[in-house]
Amino acid sequence: METVVVEVLQRKGAISDEDLLGFLRESGFGDLGFGELNRALLRLEVEGVVYVSSLARGKRRVELRERKE
């Protein structure tokens, strides 16, 4: 699922976690819940792949981090 998250962010750019969940459900993860999405986002954030910031109460912005080589 993490790979699909990265692909969605590469195509769409920074989006809200709610929109990301919608795209993932349309991409074949129909039974995906916020708990599973949060675990995947946490793993990706720890790895330095994505950055998650707060937008409003209960809403977050998810974006790809720029890779430094």
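Preceding this paragraph is the structure being described.
1. Side note on the packing of helix α2 (residues 17–26) against helix α3 (residues 34–46)
Item 1. Close contact between α2 and α3 brings their axes to 11 Å; oriented N to C, the two are set at 105°. What the angle tells us is that α2 and α3 run roughly perpendicular. Each of Asp17, Glu18, Leu20, Leu21 and Leu24 in α2 lies in contact with α3, whose residues at this interface are Phe34, Leu37 and Leu41.

2. Here we look at helix α1 (residues 2–12)
Item 1. Of all the residues in α1, the buried ones are Val5, Val6, Val8 and Leu9. One side of α1 holds all its buried residues, which, seen down the axis, span an arc of 160°. Within α1, the exposed residues directed more than 90 degrees away from the buried face are Thr3, Gln10 and Arg11.
Item 2. Contact partners of the buried residues in α1: β1 (15–16), α2, α3, β2 (50–56) and β3 (59–64).

Rules used throughout
Residues numbered from 1 in each chain as written. Predicted model: local features only at pLDDT ≥ 70, side-chain atom pairs only at ≥ 80, totals over all residues. Heavy atoms only, no water. Axes fitted to C-alpha atoms, helices over the stretch in contact; angles between N-to-C directions. Helix = DSSP H or I, 4+ residues; strand = E, 2+ residues; numbered from the N terminus. Parallel < 35°, antiparallel > 145°, perpendicular 65-115°, else oblique. Contact = heavy atoms within 4.5 Å. Buried < 20%, exposed > 50% of the residue type's maximum accessible area, 1.4 Å probe, protein only. Arc of directions from axis to C-beta.

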